[in-house]
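# Summary of structural features
So the chains spell out like this:
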Amino acid sequence: MEWETVIGLEIHAQLATRSKIFSGAPTAFGAAPNTQACEIDLALPGVLPVLNAEAVRMAVTFGAAIGAAVARRSVFARKNYFYPDLPKGYQISQYEQPIVGRGQVEIALDGGGTKTVGVTRAHLEEDAGKSLHEDFHGMTGIDLNRAGTPLLEIVSEPDMRSPAEAVAYARKIHQLVRYLGICDGNMQEGSFRCDANVSVRRRGSDRLGTRTELKNINSFRFLERAIQYEVERQVDLIENGGAVVQETRLYDPARDETRSMRSKEEANDYRYFPDPDLLPVVLDEDDIAAIVATMPELPDAKRERFERAYQLSAYDAGLLTATRETADYFEAVAQGCGDAKLAANWVMGDLAAALNRDGREIADSPVDAMGLTGLLQRLRDGTLSGKLAKDVFAAMWAGEGSADAIIEARGLRQVSDVGAIEAIVDQVIAANPDQAGQLRAGKDKVMGFLVGQVMKASQGKANPAQVNEILRRKLLDS
Amino acid sequence: MSLPLHERSLGQLAAGLRAREFSSRELATHYLGRIARLDPGLNSLVTTCAEDALAAADAADARLARGDGGPLTGLPLIHKDIFCTQGVRTSCGSRMLDTFVAPYDATVVARLKAAGTVMLGKANMDEFAMGSSNETSWYGPVRNPWDPDRVPGGSSGGSAAAVAARLAPVATGTDTGGSIRQPAALCGLTGIKPTYGRVSRWGMIAFASSLDQGGPLARSAQDAALVLQAVAGYDPHDSTSVDAPVPEYAATLDDGIAGLRVGLPKEYFGEGLDPKVRHSVETAIAELRRLGAQTVEISLANTALAVPTYYVVAPAECSSNLARYDGVRYGHRCADPKDLSDLYERSRAEGFGAEVKRRILIGTYVLSAGYYDAYYLKAQQLRQLISEDFRRAFAEVDVIAGPTSPTTAFRLGEKAGDPVTMYLSDIYTIAANLAGLPAMSLPAEPVGGLPVGLQLMGNYFAEARLLNVAHRLQEATDWHRRVPPGCE
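Scoring rules and cut-offs
- Residues numbered from 1 in each chain as written.
- Chains lettered and ligands numbered in written order.
- Predicted model: local features only at pLDDT ≥ 70, side-chain atom pairs only at ≥ 80, totals over all residues.
- Heavy atoms only, no water.
- Helix = DSSP H or I, 4+ residues; strand = E, 2+ residues; numbered from the N terminus.
- Rg over C-alpha atoms; globule rule 2.2 N^0.38 Å.
- Buried < 20%, exposed > 50% of the residue type's maximum accessible area, 1.4 Å probe, protein only.
- Contact = heavy atoms within 4.5 Å.
- Buried area = accessible area lost by both parts, 1.4 Å probe.
- Salt bridge = Lys/Arg side-chain N within 4 Å of Asp/Glu carboxyl O.
- Polar contact = N/O pair within 3.5 Å; in protein donor to acceptor, adjacent residues only side chain to side chain.
- Nonpolar A, V, L, I, M, F, W, Y, C, P; charged D, E, K, R; others polar.
- 1 Å grid on protein atoms, 1.4 Å probe; cavity = no way out; pocket = protein on both sides within 12 Å on 5 of 7 lines; lining within 4 Å.
- Points joined across faces, edges and corners; volume = space filled by probe spheres on them.
- Pairing = 2+ DSSP bridges.
- Core = buried A, V, L, I, M, F, W, Y, C linked by side-chain atoms within 4.5 Å.
- Expected span 1.5 Å × (residues − 1).
- Arc of directions from axis to C-beta.
- Domains from an automatic or database assignment.

## Details of the overall build of chain A
Scanning chain A from terminus to terminus reveals 15 helices and 15 strands. What you see for chain A is a C-alpha radius of gyration of 30 Å, clearly larger than the 23 Å of a compact globule of 478 residues, by over 25%. The principal-axis extent of the C-alpha atoms belonging to chain A is close to 95 × 55 × 55 Å. Within the span of chain A, comprising 478 residues, buried residues form 51% of the whole. Partitioning the contacts of chain A with sequence separation of at least 6, the portion at a separation of at least 24 is 68%.

As structure tokens, then:
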């Protein structure tokens, strides 16, 4: 292709603190307008911000997770502009001295292999409120519930070269912040927002083209489509003799297009200066070490450990570590039932299928790790056949209780009593003389049919391995 | 005791309350009567809270009757209208906040309330504390009780005029570039600006956040010490307040000052200083020597840079601090805005006065892209140099003494048309704010019937030392006991 795409992302991750970054008001989503805004969030005269230490802790864990230098001293600055949902007339952010410096993450590429994407910086800042244009005729409502919600703005280097890479990077950051427990990652509610800086240049050129900034992207799918659209728009523009204008563009998912929002000429001079109400955030080695010590195992390390400890393929280990919840679930089942391969098959197979079918997250799966462990134990000790286990799983999913309770209630215990199975086998041989004759003549293909008949006659309770063995003994060895 | 109530010190009033000589209600009533009689000629208050004051006085009387309460219980005071007071309008001297009633108390207010004080009213002030004459208030100028044709100083001019006229035994003020000390000097009072971080700024409406400090204006160092004791100390609501123990100020007031090393900065006695003021200040310094202090000439070489530095730093911060007054959530909103820009522009154009607008414009300019380095950053560097001057000085001396203001109170309107001349009246007070040091003003010998202020500056958290020196001087002199004509 003649054109090369250059993409950088700015991700705003809403930090999962209970209270706001500079006030004690709660951060919960969805409350009635202005019920979660205290005097500080409303910017009443005389109020002062006090930094939420938990937000700092969360930012430090992110820095450590991307191998970045955590600043020993970072400074909050005021970004000054007027907007009705910005109550103070300035946003408290970090400008020249962010808390997290340069780091990087590795992303898996579609065609195999990995790529390192640089993270320029990550800084703490407060969110603004919301303007509500729909609810009031001829007027605008202001909801300041979100004002002061802590954000970590994560700025990447322009290292991505395709929409797919951009999505892989965004997913990677998403996975990290969720592993760290610092962001719920909910894109619909705006807890995880991606802005994409997109430009194109002729392949081989070392100069960056003029970029546009895409906003209002609230899913990974839209991120991919917005960039795709924008790249085509820019290439068309240039190929038709036009020039890209540096501007902010809004993605409209309904029309699958980007539209100009404001151009750089109208951009504000934000008059940044250090906020005199807040002291610099000073962290020493011990502070940082203490925070790092509280960090959970990160996805890459977990994936490698799973491969080693549980003898999983890289692909399976990747799937099982996609989220911390899945990994924890798998690990609990693997250790509980003592068979990692079996646990992996069930978590990625029946469980994943059921979750997918019902649109549920693993965290609210009707069958929890302990429940699945109980089921797999019965499978391993021969109480259940594979077929029966699936039935029991379905019953557990429907809320009928634990595996043992269902086995008991339905009388599903697998029959491993040789005498009982022999009796059924004899019946089946008597009822199917032709097939029995064919097997005796060495036609192995009918074995499956006969086993199936025995299983059917035992209502699935017969141990299939034993059925096989008894059939062979009776028809071949005699 | 034959001394009228309004001539008694806070300690004497507290003793009278405990001895049941009079009640807090009687005391409040006495002062409210003086306010009704004298304030119309001064305009020192923007709000009088007679009803609330009497209710608070009754509560204080009940506490005292139970044998409860502390050294300030039942004592009346006035708060500068920059401190938020729950349920009582807090205007900050501005049309912008003419109707603003805070839903919370400033920490200074809350601590004094908890101590059992009785708020008589809220004092007039320069708009958003921007001014040195109290002429920028939306509620009109305050007159100096010593001469009603003269200004009381600013921005805590209402607080100063009220205490000088004996409308309250003490008042709170704030000091960003001299706004406690200069009006104290011009009205014959004792006022102290504490170390930056000593007194919480929570609820104190911000002018320039890195410079603002609250403190008392009183008739003596002893009274000032009592009030400072009640308001000083760490406040988790203010990240810049300092978490360090507060010494018992009263305990060291009587300490001797023999051997005290007093630095006299030569830059504070040069050109621009009214010779009569100079003479008065030197007389006060001679008195310190008589009490055993040693004086030594020192240099604060960057003194001349203080005013220009201040007029970059303070406007820069104010331009941002005052952005919240946008007509959206509270405060003045213009009639029938036609769109958002119109709402902002007219609300702010109508709500702010000329001096506030001037400083917002200067501040916006010095923070703008392309000018930030030349102005704001340069000013921060100069601020460091000024702090360094003091650091060197305090390696050699215990306190620094000099004039508070280059002149006595000037006439109303005299400097109002010339901002730079007005700004220069703060030439001796601004440096302490830039360095964050504690400083106070106390009366020297009056000149031509007008008060003169002696300024004392100390090292960080040396308030106890300043109050001690001031108290010893006041024990030996009677300048602070002079009463404005008609206020006896």
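## Some points on the interface of chain A and chain B
Between chain A and chain B, the contact holds 31 residues from the first and 38 residues from the second. Contact between chain A and chain B buries roughly 2,800 Å² in total, counting both sides, with carbon and sulfur atoms accounting for 59%. Summed over the shared surface of chain A and chain B, the result is one salt bridge. Notably, a salt bridge pairs Arg201 of chain B with Asp277 of chain A, separated by 3.1 Å at the nearest N-O pair. Put simply, chain A and chain B have 18 residue pairs in polar contact (both at pLDDT 80 or more) between them. Looking at the side of chain A that touches chain B, the elements that each hand over two or more residues are strand S3 (76–80) and strand S14 (273–274) of chain A. Looking at the side of chain A that touches chain B residue by residue, the class counts come to 22 nonpolar, three polar and six charged.

## Concerning the layout of surface pockets
Residues and elements named next belong to chain A. One number sums up the size of the second largest pocket: a volume of about 1,800 Å³. Residue assignment for the lining of the second largest pocket shows that the elements contributing at least two residues are strand S5 (103–108), helix H2 (163–179), helix H5 (299–310), helix H6 (314–320), helix H7 (324–337) and helix H8 (340–358). Grouping the constituent residues of the lining of the second largest pocket by class yields 21 nonpolar, 13 polar and 14 charged.

## Structural notes on the pairing of S3 of chain A
Residues and elements named next belong to chain A. Counting buried residues along S3, five of its five residues qualify, which places the element largely inside the surrounding structure. Along S3, one buried face is formed by Phe76, Arg78 and Asn80 and the opposite face, lined by Ala77 and Lys79, is buried too. Bridge count for S3 against strand S4 (residues 90–94) is five bridges, and the pairing is antiparallel. Across the sheet, the residue bridging to Ala77 is Ser93, located in S4. Note: S3 against S14, two bridges, orientation antiparallel. By the bridge assignment for S14, Arg78 is matched with Phe273.

## Notes on the nonpolar core
Among the nonpolar cores identified, the biggest contains 155 residues, and Leu120, Phe128, Phe390, Leu454 and Leu467 of chain B are the most heavily contacted of them. Broken down by element, this core gets its largest block of residues, nine residues, from helix H9 (residues 306–321) of chain B. If you look at the next biggest cluster of nonpolar residues, it comprises 66 residues, including Trp3, Ile154, Leu176 and Val198 of chain A.

## Some remarks on helix H3 (residues 50–65) of chain B
Residues and elements named next belong to chain B. If you check H3, its first and last C-alpha atoms are 22 Å apart, about what 16 residues at 1.5 Å a residue would give, namely 22 Å. All of the buried residues along H3 are Ala53, Leu54, Ala57, Ala60, Asp61 and Leu64. On an axial view of H3, the arc spanned by its buried residues comes to 120 degrees, and they lie on one face. Residues of H3 that are buried in the fold lie against helix H1 (10–18), helix H2 (24–38) and strand S3 (118–123). Looking one or two residues beyond H3, the residue adopting positive phi is Gly67, at roughly 75 degrees.

## Structural notes on the domain arrangement of chain A
Residues and elements named next belong to chain A. Taken as a whole, chain A is organised into domain 1 (3–287), domain 2 (297–410) and domain 3 (418–475). One C-alpha centre belongs to domain 1, the other to domain 2, and the line joining them spans 36 Å. Counting residues at the interface gives eight residues for domain 1 and 11 residues for domain 2. Across the domain 1/domain 2 interface, buried area totals approximately 780 Å², and carbon plus sulfur atoms make up 52% of it.

## A word on unusual backbone geometry
Ser155 of chain B follows Gly154 of chain B through a cis peptide bond whose omega is 5 degrees. Position of Ser155 of chain B among the secondary structure elements: in the loop between S3 and helix H5 (157–164). With a phi angle near 65 degrees, Asn34 of chain A is a residue other than glycine that sits in the positive phi range. Summarising the element assignment, Asn34 of chain A is placed in the loop between strand S1 (3–14) and helix H1 (53–65).

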